[in-house]
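# Summary of the model geometry
Below are the chains, spelled out letter by letter.
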Amino acid sequence: MATITVSKYKQANDTLRINDLRQGLYDEGAILMDKVLVNLHGDEHRTRRLVESKVFRRDFFRWYEAEVFPKTLKETLAPFQAKGKLDVVDFGFRVMMNLTADFSGVDRPKRTPEETEQLLRILRTFGKAATLGQAKGDKAAIRAEIQAAIDEFDVTFYRSSAERRRGLLARFKKGEIGEDDLPRDILVELLRNEAELPLSHEVLMKEIGFFLLAGAFTSIHSMTHAMHEVFTWMKEHPEDSDLVRKDLSFLQRCMHESMRLHPSSPTAGRRPTCPVHLPTGQDATPDDFVSVDLMAANRDTDVFGPDAAQYNPRRQAPKSTGPYGLSFGMGMHSCIGLNLAAGALPRPDADPKEHQFGTVTLIARALLDAKARPDPSEPGVVDTSTIRNNWAKYPVLLG
Ligand code: HEM
């Protein structure tokens, strides 16, 4: 078995579009991710993605950004404003957990701080499944920890959420309630399509757990990297401080440029389903592993210029790559939550009142409005337990 690495932008882009390459990055995380969307291939993948995509319609994003998210953000920020400080990573978890629980279909009936802490703990443990292949520690111990979290999630959150939705769907079928009375989430869509797309309890439960994870972790770490880049940029370019704080379109550019430099996973992994000729000119067989180096591709100087590895929110990225390059993937597994996290691409003629900025930009704005700045007495700490180099904590002062 050989590992073939693809690092140039165009070749990486074209590799991800080859349908004879199946997902290969999460084989080690099978305990949670075995039959979840990102691990499916061919028809099975297409059918499930089609059903789940129904949740992510454009009007959903607008409604969410305008109506739901600002309230969640304000409520989550308030206690920290009173304290005058927060950890950006922890804050990200608290905001994003509510968001992803809502669109995944995980009820939190008690709404108590204890319930929030319990789901947060489960979510943090699920995160270890996605990075198990990249983990440096004792993998058997990590696997046991993940299994315990899956069991706890199943009994405490998933079963009652599924039961409530089954009840609502039965009433909907009888005409007792309307479409608007059904929650808009992945679990409802999957249960509604059960006859055509039957899934076992185990698979459904893990799919919902995976969505919780896929939506939260990526956004939280992208947002923390971006806050660090923005703080550094404002320090080195004080003349841009006002622009960053007041112009939401510019702040969105700041987020996108950071996403280019810090893809949530530095690599994508694929395995050929049959002999494949790769855009690099190499031949790969089903025994080989194809590693698409997203981080390197997004810093390809032939595409992004000689300063490709530097952070510059004023960069004019080529039209063909967009501002965040391959950070949301490409091809069949490209990110289903792209619009939710990154918003729509800014157009010069866009009406700021109508434009959708994405949750990452909105969280960053809330933090900047609260006058967040790095805490000089407690510098951020990088998580060295995986090769992802995410921030483990990033303390800031407020007010
Ligand atoms: C900044 C935030 C995000 C980043 C950087 C990101 C990145 C990615 C990437 C790179 C992939 C492709 C993986 C591959 O090719 O192997 C992906 C897939 C996926 N993302 Fe995201 N993502 C983000 C936010 C979200 C959100 C908010 C959701 C929740 C709705 C989400 C759900 C998914 C799902 C379900 C897939 C699998 C799609 C499939 O296999 O068909 N992501 N994401």
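Refer to the structure above for everything that follows.
Below or above, wherever it landed, is the structure these notes cover. Source: prediction; values computed, not measured.

### Describing the overall build of the protein
Looking only at helices and strands, one finds 15 helices and 11 strands in the protein. Its C-alpha atoms give the protein a radius of gyration of 21 Å, within 12% of the compact-globule value 21 Å for 399 residues. Each principal axis of the C-alpha atoms in the protein carries an extent, and together these give about 60 × 60 × 45 Å. Buried positions account for 41% of the 399 residues belonging to the protein. Within the protein, contacts between residues separated by at least 24 positions form 73% of all contacts whose residues are at least 6 apart in sequence.

### Regarding the sheet that holds strand β8 (residues 373-374)
Strand order in the open sheet formed by three strands is β3-β11-β8, and the pairing between neighbours is antiparallel. Sheet topology places β3 (85-87) and β8 at the edges, where each strand pairs with a single neighbour. Packing against the sheet, helix α5 (residues 88-104) makes contact with β3 and β11 (395-397), and its axis sits at approximately 80° to β3.

### What about the site of the ligand?
Taken together, the neighbourhood of the ligand is formed by 23 residues, with G215, T218, G329, C335 and G337 sitting nearest. Elements with a minimum of two residues in the shell around the ligand: α9 (201-236) and α14 (338-342). In terms of residues, the shell around the ligand owes the most to one element, α9, which gives five residues. For the shell around the ligand, a count of residues per class yields 12 nonpolar, 10 polar and one charged.

### A closer look at the environment of L326
Tracing the sequence through the fold places L326 in the loop between α13 (301-304) and α14. L326 sits in the buried class, given 23 other C-beta atoms within 10 Å. On a C-alpha basis, the gap between L326 and E202 in space is 32 Å, while along the polypeptide they are 124 residues apart. The residues touching L326, leaving out its near neighbours within four places in the chain, are A12, N13, P263, L294, A297 and N298.

### A word on the pairing of strand β4 (residues 267-272)
Of all six residues in β4, five are buried; the element is thus mostly enclosed. Pairing of strand β2 (residues 21-23) with β4 involves three bridges; the strand directions are antiparallel. In the sheet register, L21 faces β4, and the bridge partner there is P272. Relative to strand β7 (residues 289-293), β4 runs antiparallel, the two being bridged by four bridges. Of the residues in β7, the one forming a bridge with T267 is D293.

### Topic: the environment of D90
Looking at the element boundaries, D90 is found in helix α5. Measuring from C-alpha to C-alpha, the distance between D90 and T224 comes to 10.0 Å, with 134 residues separating the pair along the chain.

### Let's talk about the sheet that holds strand β1 (residues 3-6)
Reading across from one edge, β1-β7-β4-β2 is the order of the four strands in this open sheet, with mixed pairing throughout. Two strands close off the open sheet at either side, each with one partner strand: β1 and β2. With direction set aside, neighbouring strand axes in the sheet form an average angle of 35°. Looking at chain direction, β1 and β7 are connected through four bridges and run parallel. Each residue of the ladder has a partner; that of T5, found in β7, is S291. Strands β1, β2, β4 and β7 of the sheet are contacted by helix α1 (residues 9-16), whose axis makes an angle of about 130° with β7.

### Some words on the packing of helix α6 (residues 113-130) against helix α7 (residues 139-173)
With their axes 9 Å apart at the nearest point, α6 and α7 run at an angle of 140° to one another. Put simply, α6 runs oblique to α7. As for the relative orientation of α6 and α7, their crossing is left-handed in sense. Facing α6, whose interface residues are Q118, L119, I122, T125, F126, K128 and A129, α7 presents I142, E145, I146, A149, E152, F153, T156 and F157.

### Examining the nonpolar core
Of all hydrophobic cores here, the largest spans 96 residues; its most connected members are F126, I208, L212, L213, A216 and A364. No other element matches α9, which puts 16 residues into this core. Beyond its immediate stretch of four places on either side in the chain, L213 contacts L123, F126, G127 and A130.

### Topic: unusual backbone geometry
Of note in this structure, K371 is not a glycine but carries a positive phi near 60°. Residue classification places K371 among the partly exposed residues on the basis of 13 C-beta atoms within 10 Å.

### Let's talk about the environment of E114
Inspection of the secondary structure puts E114 in helix α6. Taking C-alpha positions, E114 is 18 Å from G92, a pair spaced 22 residues apart along the chain.

### What about helix α11 (residues 248-261)?
Under the 1.5 Å per step criterion, the end-to-end length of α11 is 20 Å for 14 residues, consistent within 8% with the ideal 20 Å. Tucked inside the fold, the buried residues of α11 contact α9, α10 (241-246), α14 and α15 (359-369).

### Observations regarding the packing of α5 against α6
When two helices pack together, you describe them by how their axes are tilted relative to each other and by the distance separating the axes. Packing of α5 against α6 brings their axes to within 11 Å, and their N-to-C directions diverge by 90°. Compared by their axis directions, α5 and α6 come out roughly perpendicular. Contacts from F93, M97 and A101 of α5 reach α6 at L119, L120 and L123. When grouped by side-chain class, the residues that make up the contact of α5 with α6 number six nonpolar, no polar and no charged.

How each quantity is defined
Residues numbered from 1 in each chain as written. Predicted model: local features only at pLDDT ≥ 70, side-chain atom pairs only at ≥ 80, totals over all residues. Helix = DSSP H or I, 4+ residues; strand = E, 2+ residues; numbered from the N terminus. Rg over C-alpha atoms; globule rule 2.2 N^0.38 Å. Buried ≥ 20, exposed ≤ 12 C-beta atoms within 10 Å, placed from the backbone. Contact = placed C-beta atoms within 7 Å. Pairing = 2+ DSSP bridges. Axes fitted to C-alpha atoms, helices over the stretch in contact; angles between N-to-C directions. Near = placed C-beta within 6 Å. Nonpolar A, V, L, I, M, F, W, Y, C, P; charged D, E, K, R; others polar. Parallel < 35°, antiparallel > 145°, perpendicular 65-115°, else oblique. Left-handed = near helix turned anticlockwise from the far one by under 90°. Core = buried A, V, L, I, M, F, W, Y, C linked by C-beta atoms within 7 Å. Expected span 1.5 Å × (residues − 1).

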